[in-house]
Each structure stands twice: as C-alpha cells, then as structure tokens.
Amino acid sequence: MQSLILRKPGGLDRLERIDAPEPGAPGAGEIRVRLHATSLNFHDYVVVTGKSPVDDQRIPMADGAGVVEAVGAGVTEFAVGDAVVSCFFPGWQDGPPAVGDFRTVPGDGVDGYAREAVITPATWFTKAPRGYSHEEAATLTTAGLTAWRALVVDGGLKAGDVVLALGTGGVSIFALQYAKAMGATVIVTSSSDEKLERAKTLGADHVINYRREEDWGRKVRDWTGGQGADQVIEVGGPATLPQSIAACRIGGHIALIGVLTGLGGEIPTALLMARQIRLQGLIVGSRTHQQDLVRAIEATQTRPVIDRTFELPALADAFRYQESGEHFGKICVAW
Ligand SMILES: NC(=O)c1ccc[n+]([C@@H]2O[C@H](COP(=O)([O-])OP(=O)(O)OC[C@H]3O[C@@H](n4cnc5c(N)ncnc54)[C@H](OP(=O)(O)O)[C@@H]3O)[C@@H](O)[C@H]2O)c1
C-alpha cells in the first residue's frame, strides 16, 4: 500500500512516498480502516517542516477518515462498511483533560494517517457524521473538534452569545458555522476583505479587517454596544491576545487555541483580571467530545468548508498552499 513518511530532520522536501506492506487481520479490540482522506492543520505543518523534533520515517497527519473493512474479536461498536474518523488523542477517551503534550498524537509522537490502511484499537476512531464524504469527515479530528470544544464544552455556548472568531482558517470557520448553527451572533476578523465577504455568506453578522483596523478589540466593543464578545476564538497568540482581551466582555471566555504569531509574549494581566475574563488554554478534545460533535453535526446538517483538495503524493504541495495563507476554511488530501 501507498504511504508517505517524513525523513529526519523534517522539511517539505523530506516527505517520501513508499510502498508499505498491507496490514493483516485486526486483533482483538482492533479495527482495520481503509483510509481515504486527511486534512491539513497548523500542527501537522509544524511537524512536517521539522519545527518540532520528529522521529525518522514518521507517517504524518493527525486527521484520518475512511471505512472499516475488518473488525477484530470483541469489537461491537463498529461493523464492516462503517465510515469512521480518527481521534486526535487516542488515549483520551472521556472526562477532564488527561494529556498535555503530543507524544500520543498520530502524525507526531506516533504514526499518522498519510497512508492507505491502518490497524488500530477501535477506540482510536469514532463514527463519521452520516452523509459526510471522507474528505469532510477528515476535517473534524483536529479543527472541527477544537472549535466545538472551545465554544460548547469550555465556553458553554448558548443562543444569543456573541462569538468573535479570529481569521478565516480551519478552526475559525468551524467556530463560525457551529456558533451560527446554535443561535449565536458571530463577528469574524480577517486580513482579506474578500474572505470577509465569504464569511458573511456563511452567516457572519459583522466582519472586521484586522490589518486595516489595528484596534479591532475596540471595534468589537463598539459593535456590541460597549459590552464585548462573550466568547473569543483566539488562534493568533501573543500578537492578538491583548486585542482579544480588549474585545471580550466582563466575565467572558477566551479560548486560547493558537500560536500563529509566536510562542510567548506580554499579556495585559491587569485588564484580564479586572474584566474577570476566563482565559482557557486547550488542545482539541476527547473521544466523547468528538462523538458529541458528530451528533450535533447530524442534527444541524453543518458541512465543512473545504477550500482545496490535493492527492496524497502532492501532500507537500498542499502544505505549500497552506503556507501561502490563501486558503479559507480547510485544505484536504483525498485518495
Ligand atoms: N489548541 C488546539 O487544539 C488547536 C487545534 C487546531 C489548531 N490550533 C492552532 O490554531 C491556529 C489556527 O489553526 P488553523 O488550523 O485554523 O490554521 P489555518 O487554517 O492555517 O488558519 C490560519 C488563519 O489564521 C489567520 N491569522 C493568521 N495570523 C493572524 C493574526 N495575526 N490575526 C488574526 N488571524 C490571523 C489567517 O486568517 P486570514 O487569512 O483570514 O487573515 C489564516 O488564514 C494555529 O496556531 C494552530 O496550531 C490549535
């Protein structure tokens, strides 16, 4: 079977296509999945470009979707033919956060899903939403579940909340869609007026160009009658957090998701305290969160926005496209 591996020390020119042996029969508690799609995330980019240390010959990609083609003894949750999607943290099944690093994450600490087939414990996957293509399902493992957890699990989203989503990448567009589907009012920022127009077609109630409006936190407060956003989807990190704090209402919630602008920086701690804002770091979510997300998608009929799809051997080109920042929503790879 076809597989991609990453050679040490990483880099887009260090992705190599190999012919690997077909996996055999699944053991007790395992499933064999014929994979058909993955999707790109900033985390995968960090791994493949060697910005974080990686083992030689690691199979990249955290997101994987496909069809169950064999089940091992004792597996009752899945049947042959089920469409499934992988879990970001195979070991975090339920309950409060249990992991604080990427050692167990497919495509980073363990082999991922840039390959045609895999055998894993059945608990490493969940069912995919009914009616989703494999490509669509593959967007949920990382980006979809992160947006869901930020808004619903940690943020306790309710109809009428005002949500601020930064940028128009994978996580933020999911946040826009889920928030709208659940009755929230959504503000989106972007560097591009064209992308902001697209966000409006997805239901964004108000848009701000963060390049033109450096004081966009103030703009959010003004638009909300001086109150601020109830929830902020913070993907920028140090360069955007001060404005996110300025944009957040008293007692609001900021989900600290991304580090697009760097790994550390100054935080206006006095304002954070005075506004009594909950600043919550998070990494994706548990398998139970993913099952809840799949149920919500089936009820709301939300579909991911896929910007472009590449073929598996063109994974490096897909990452180059991500690097360009031209995308809106998700970039996928399907085979
Ligand atoms: N903690 C977690 O569980 C988790 C999970 C997934 C992702 N993440 C992190 O979240 C971040 C976004 O991930 P992603 O997969 O959504 O990335 P992505 O699809 O590559 O999206 C990046 C988008 O962020 C926007 N952006 C870039 N710089 C910005 C800035 N200074 N201010 C506001 N927006 C900015 C851009 O939007 P415009 O082009 O519209 O300007 C860009 O398209 C990354 O840091 C990633 O590592 C974390």
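1. Brief notes about the site of the ligand
Thinking step 1. In the vicinity of the ligand there are 24 residues, among which Thr168, Ser190, Tyr210, Leu282 and Val284 approach most closely.
Thinking step 2. Thr168 is positioned such that a nitrogen or oxygen atom in its side chain is 2.6 Å from an oxygen atom of the ligand.
Thinking step 3. Within the backbone of Leu282, a nitrogen or oxygen atom sits 2.7 Å from a nitrogen atom of the ligand.
Thinking step 4. Here the ligand loses 87% of its free accessible area of 920 Å² to cover by the protein chains.
Thinking step 5. Of the residues that constitute the shell around the ligand, the class distribution is 10 nonpolar, 13 polar and 1 charged.

2. Description of helix α4 (residues 170-181)
Thinking step 1. Given a rise of 1.5 Å per residue, 12 residues ought to cover 16 Å, and the 17 Å separating the end C-alpha atoms of α4 matches this to within 8%.
Thinking step 2. Taking burial as the measure, the 12 residues of α4 include 10 buried ones, the bulk of the element.
Thinking step 3. Among all positions in α4, only Gly170, Val171, Ser172, Ile173, Phe174, Ala175, Leu176, Gln177, Tyr178 and Ala179 are buried.

3. Let's talk about the state of the cysteines
Thinking step 1. The final tally for this structure, using the stated rule, is 0 disulfides.
Thinking step 2. Counting only cysteine sulfurs, Cys332 is the nearest neighbor of Cys87, a cysteine outside any disulfide, at a range of 18 Å.
Thinking step 3. Owing to a relative accessible area of 2%, Cys87 belongs among the buried residues under this scheme.

4. Focus: the sheet that holds strand β9 (residues 185-190)
Thinking step 1. Strand order in the open sheet formed by 6 strands is β10-β9-β8-β11-β12-β13, and the pairing between neighbours is parallel. The open sheet has two edge strands with one neighbour each: β10 (206-209) and β13 (278-281). Here the average twist between neighbouring strands, direction ignored, is 15°.
Thinking step 2. Where strand β8 (residues 162-166) lies against strand β11 (residues 229-234), 3 bridges are found, and the strand directions are parallel. Bridge pairing in β11 links Val163 to Gln231.
Thinking step 3. Seen against the sheet, helix α3 (residues 140-154) touches β8, β11, β12 (248-256) and β13 and runs at an angle of roughly 150° to β11.

5. Some thoughts on the pattern of salt bridges
Thinking step 1. In the structure shown here, the tally under the stated rule is 20 salt bridges.
Thinking step 2. Arg212 is the salt-bridge partner of Asp193, the closest N and O atoms lying 3.0 Å from each other. With Asp193 in helix α5 (residues 193-201) and Arg212 in the loop between β10 and α6 (216-223), this pair connects stretches of sequence that are 19 residues apart.
Thinking step 3. Across the salt bridge formed by Lys200 and Glu197, the nearest N and O atoms sit 3.2 Å from each other. Residue Lys200 and its partner Glu197 are located together in helix α5, separated by 3 residues, close to a single helical turn.
Thinking step 4. Residue class for Glu197 comes out partly exposed when judged on its relative accessible area of 45%.
Thinking step 5. Where salt bridges share partners, they join Glu22, Arg32, Arg34 and Glu69 into one cluster.

About the criteria used
Sequence positions are assigned chain by chain, starting from 1 and proceeding in written order. pLDDT decides what is reported in this predicted model: residues at 70 or higher carry local features, side-chain atom pairs at 80 or more are listed and counted, and totals for whole chains, interfaces and linings draw on all residues regardless. Side-chain measures here rest on the full set of heavy atoms in the structure, leaving out hydrogens and waters. A single heavy atom is enough: if one lies within 4 Å of a molecule or strand, its residue is considered near that molecule or strand. Under the rule applied, a polar contact is a pair of N or O atoms within 3.5 Å (in protein, one hydrogen donor and one hydrogen acceptor; residues adjacent in sequence only if both atoms are side-chain atoms). Throughout, the Shrake-Rupley method with a 1.4 Å probe supplies accessible areas, and for residues the shown protein chains are the sole cover considered. When residues are sorted by character, Ala, Val, Leu, Ile, Met, Phe, Trp, Tyr, Cys and Pro go into the nonpolar class, Asp, Glu, Lys and Arg into the charged class, and all the rest, Gly among them, into the polar class. Numbering of helices and strands starts at the N terminus; helices are DSSP runs of H or I of at least 4 residues and strands are runs of E of at least 2. Expected helix span is computed as 1.5 Å times (number of residues minus one). Residue exposure (1.4 Å probe, protein chains only): buried if accessible area is under 20% of the type maximum, exposed if over 50%, otherwise partly exposed. Only a pair of cysteine sulfur atoms within 2.5 Å counts as a disulfide in this structure description. A pair of strands is labelled paired if DSSP reports no fewer than 2 bridges between them. All axes here are fitted lines through C-alpha atoms, helices being fitted over the stretch that makes contact, and every angle between N-to-C directions spans 0 to 180 degrees. Residues are treated as being in contact if the distance between any of their heavy atoms lies within 4.5 Å. The working definition used for a salt bridge is a side-chain nitrogen of Lys or Arg within 4 Å of a carboxyl oxygen of Asp or Glu.

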